[in-house]
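The chain contents come next:
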Amino acid sequence: MSSRTPASGSTGYVEDVSPGRGTLPPRAWYASSDAASLSLNGGWRLRVSETADAEDDSFAEPGFDAGDWAEVTVPGHWVLQGHGAPVYTNHLYPFPVDPPHVPTENPTGDHLRLFDLPGDWPADGTAVLRFDGVESCARVWLNGTDIGEFKGSRLPHEFAVGALLKPAGNVLAVRVHQWSAGSYLEDQDQWWLPGIFRDVTLLHRPDGAAGDFFVHADYDHVTGEGTLRVDSAAGARVTVPELGVDVAAGEPVTLPVEPWTAETPRLYDGVLATAGERVPLRIGFRTVALDDGVIKVNGTPLLFKGVNRHEWHPRRGRALDLATMREDVLLMKRHNVNAVRTSHYPPHPAFLALCDEYGLWVIDECDLETHGFVEQDWRDNPVDDDRWTPALLDRAARMVERDKNHPSVVMWSLGNEAGTGRGLTAMADWIHGRDPSRPVHYEGDFGCRDTDVYSRMYLPHAEVERAGEGLDGGTHRRRGLPLILCEYGHAMGNGPGGLADYQRLFESYDRLQGGFVWEWIDHGVEHPALGYAYGGDFGEELHDGNFVCDGLVFPDRTPSPGLIEYKKVIEPVRIEPGDADGTVRVTNRYDFADLSPLEFVFSHQVDGLPTEERRLAVPSPAPGESAEVKLPAAPDGGGAEVQWTVRAVLAEDTPWAGRGHEVAWAQGTVTRRAPLPAATGARPAVDGDRITLGPAVFDARTGAPRTLCGVPVRDLRLDVWRATTDNDDGASWQTDTRYGPLWRELGLHRMRHRLEAVEADGDALTVRTRVAPAGREAGLRTAYRWTSDGGRVRLTVSVVPDGDWQVPLPRLGIRFGLPGATAEDSVRWFGGGGEAYPDTRAASRDLQWDARVGELQTPYVRPQENGARADVRWAETGGLRVDGEPEFWFTARPWTTEHLDAARHRTDLVPDGTVWVNLDHRQHGIGSQSCGPGPLPRYYLWPEPAEFSFVFSEPGDRPRG
Ligand code: GAL
């Protein structure tokens, strides 16, 4: 390998493919009960230079005066603390691909920290300095002595420093380079964020310290017994008081235990006592096995209802504190998520401890991605180049050794999107040898040469189904393995659509063991002028825009509608109408737990107003089993719609949610609402430039309504456009048709409305138009037929497509403005509660709802179509009531669709003094094409003849036929 001679001669390690120099062998990560430790987190001095070799090493010498340096917080990234800027690319390296070389412009942060040892720091033993995460390459000096350097950003690195420590005035100097040979292995789709972003700790290591240890805690589901063996230093003892265990390290002990599962995260507290220290153990007994072509834990096949989690905080980047990590775990548990893939690197170790405690299955992924090599057909890919293999093995070992004692970790992942190669095989071989108790995962090798599970990302439903049926082909080895979707349901912007359809497949075929939605959180950077910044907002020369905002929660961790949908789709209890009338069937969809922690409640609702909620006695079926329960008699709706709602809620407080927290729910119809009145009888009357019809006044020339029931309305007309979503636009590399760009090309965002006739005859005012974009023949013949009974006014819209339509429509309905209405105005409606679209409507719950117009907006980081409510029977806002026949999609915004479409950031959206209301007959599906398949064909909105009606009246009116 060629290498450049750096100017100072001392920074050659930056471009060296080796993992580093001077570090200790990797080992288990633990916090000793009694050995001293000193956190070196906090304020550090910082000097950033433009190149790796701009400054000499003198800053590391004791006595160096850094008084005029800046101060930064460690853990942290200097680019998020006012020094330089973050860079976002998906898979392109933001530097020339010329491995192992990196740019001469290589922001380098010299970090300095002075510290004294606490007065009671023990005199015996030795000490270790641990870095839990530094991006991307660091060289370290303690008290002027060069102790080594390392790469592997999201992995721990330790140095023996005992001999160098002084009681007071220690000088720790760390030179961090943004770019290094290691950067070639860290091409994950995220911000490039240099810095010391995880903890720095000095650990006293007493004589006879535990050092490394390996807890083996298996569970035999046939006998109900666990076998514990802790491999550690000779002479160490293991005690587990609750189990009466007191054995020598290395000695197995078998006894009855309660197993650990993500649903029942039973941990036993133990202690590993060596000559020098006591180490707390949290032991979970479970056995992971590939058996009959499926992954089983404790003899039971798993169904992953997972998410991909990057570490993210909108101000602190990947420097997460414990509270934020816990928030992630609690949010996941509360939304029925049962698994996490730590995409695409081992997380802060505290996160795994939380997964053990609260119960989440974890695929722990190595800090490895070389995706940018795809641009050159994977030429020079480090994972297929023996010179890099030591670095790959170092990364594998640092992950496995650090995390091997977590019961939550049920699979190791070699990394992400790194092509294929001998380096990966070497990693897999090493991991299989070191820890045969866990399967190995990697997505990029479809032949499954090195892996124990067949893993794919963004497979369309049909391919998932074929794999479920075993018809997908592939190598002999692969055909014997279960399929998981390590990524699916791309949660960028509005969406993902189609989750319920995936879940149905996962639940239908044994070989399908679920998946992990991409991804947990939007990586938006808090920004004073933009709301949240994304790629390109920092002037990056290469970037991938808002592709970095594709999470189920917004950057501040507010759940987006996608998470609410996912929660419903993966709920562990299915409630549905039973076989007999007036019954519901309750199915336990947990893999391990019974339903005893839950209680069931029911109510009826009339016109969306619930009766008092009451307990419903439901037996506790075993996993996979169902029980059928009779519902009490429903009230008479007197022409109004009657429904039932059954909810499963926590009967007691749990560590992750309080009593009453809703886990699952369902609704059903008892009686439908009566048809709407025809609203006829009144006759249109021409009066100068106006036509009046009952409580409506129209422009005599255009036939457009000016007021309805006394409320001014403007621009009421057919509307087919929506501000395209990220999933409508699709990703540029998608080879399937992407409708967002086609819609725009066709001109659906600039439809012209040619007036053909205004006919006031009999009891109707009929306005005929043809709606079409300039330059095209395709159009929609649209007739608006208005009638009234004197008090109410009814509009029937008929649409007949005309010409050669090759694309579906984004939406089909009417839009109008309510001048003078504001974001503060309230909306009341009976219909679905949260945002919903045809393939994202599982969580839409029918009730009477109340919200302000502003609250109906979903604040996607990049503004786009949002906020539709499904199945709306009626809605009231701005002094107007509208009842729909059939039910309609309701949307109201304090700005126009055009404005929404043009906005790039939340802060671009400013109310324009009118509330714009869309009443849609249909909507096109959402899909997942921002990085996956588009909507399934059944969610397409093809232009075809359609007719739909609305009755306008005064609020509080309840038109009935
Ligand atoms: C996958 C990749 C992820 C992310 C995602 C798109 O290909 O593994 O890291 O880039 O696509 O958001």
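Not measured: the values here are computed from a predicted model. (Residues numbered from 1 in each chain as written. Predicted model: local features only at pLDDT ≥ 70, side-chain atom pairs only at ≥ 80, totals over all residues. Heavy atoms only, no water.)

### Quick word on the nonpolar core
Heads up, the condition is: The criterion is simple. A nonpolar core is a set of buried Ala, Val, Leu, Ile, Met, Phe, Trp, Tyr and Cys residues joined through side-chain atoms within 4.5 Å. Each residue's exposure class comes from its accessible area (1.4 Å probe, protein chains only) as a fraction of the maximum for that residue type: buried when under 20%, exposed when over 50%, partly exposed otherwise. Only DSSP runs of H or I reaching four residues or more are called helices, and only runs of E reaching two or more are called strands; each is numbered from the N terminus. By the convention used here, residues are in contact when the closest approach between their heavy atoms is within 4.5 Å.
Formed by 149 residues in total, the largest nonpolar core has its most connected members in Leu129, Leu172, Leu202 and Phe600. No other element matches helix 2 (residues 349-358), which puts 6 residues into this core. When near neighbours in sequence (up to four residues on either side) are disregarded, Leu129 contacts Leu40, Val140, Ile147, His157, Glu158, Phe159, Val161, Leu172, Val200, Thr201 and Leu202. With 58 residues, the next largest nonpolar core counts Leu718, Ala778, Val807 and Val917 among its residues.

### Let's talk about the site of the ligand
Here is the rule: Each residue is tested against the molecule or strand, and it is near if at least one of its non-hydrogen atoms lies within 4 Å. Each polar contact in these results corresponds to two N or O atoms within 3.5 Å; when the atoms are within protein, one needs to be able to donate a hydrogen and the other to accept it, and residues that are neighboring in sequence are counted only if both atoms are side-chain atoms. The accessible surface values rely on the Shrake-Rupley method and a 1.4 Å probe; as for residues, cover is taken only from the protein chains in view. Residues are grouped as follows: Ala, Val, Leu, Ile, Met, Phe, Trp, Tyr, Cys and Pro are nonpolar; Asp, Glu, Lys and Arg are charged; every other residue, Gly included, is polar.
The ligand sits among 13 residues. The nearest are Asp189, His344, Glu417, Glu487 and His490. Contacts to the ligand include Trp518, whose side-chain N or O atom sits 3.0 Å from an oxygen atom. Within the side chain of Asp550, one N or O atom sits 2.9 Å away from an oxygen atom of the ligand. Contact with the protein chains removes 96% of the 310 Å² of surface that the ligand exposes when unbound. Tallied by class, the residues present in the shell around the ligand amount to 5 nonpolar, 4 polar and 4 charged.

### Notes on helix 1 (residues 322-334)
Just so we agree on the cut-off: To estimate the expected span of a helix, count its residues, drop one, and scale the result by 1.5 Å.
Taking 1.5 Å of rise per residue, 13 residues should cover 18 Å, and helix 1 covers 18 Å from first to last C-alpha, within 8% of that figure. Within helix 1, burial applies to Thr324, Met325, Asp328, Val329, Leu330, Leu331, Met332 and Lys333. On the buried face of helix 1, the contacting elements are strand 26 (304-308), strand 27 (339-341) and helix 2. At the C-terminal side of helix 1, Asn336 shows a positive phi close to 65 degrees.

### Digging into the packing of aromatic side chains
Threshold: Pairing of aromatic rings covers Phe, Tyr and Trp, the last through its six-membered ring, and needs centres within 6.5 Å; plane angles under 30 degrees mean stacked, over 60 mean edge-to-face, and all others mean tilted. Counting as a charge over the ring demands two things of the Lys NZ or Arg CZ atom: a distance within 6 Å of the ring centre and an angle within 35 degrees of the ring normal.
Applying the stated rule across the entire model yields 37 aromatic pairs. Centre to centre, the rings of Phe698 and Trp786 are 4.9 Å apart; their planes meet at 65 degrees, and the pair counts as edge-to-face. Here the residue Phe698 occupies a position in strand 46 (residues 696-699), and Trp786 occupies one in strand 52 (residues 779-788), the gap between them amounting to 88 residues. Summarising the burial analysis for this pair, Phe698 and Trp786 share the class buried. Through a chain of ring-to-ring contacts, the aromatic side chains of Tyr93, Phe95, Trp179, Tyr184, Trp192, Phe373 and Trp388 assemble into a single cluster. Positioned above the aromatic ring of Phe446 is the side chain of Arg456, whose terminal nitrogen or guanidinium carbon lies 3.8 Å from the ring centre. The ring of Trp916 has Arg815 sitting right over it, with the charged end atom 5.1 Å from the ring centre.

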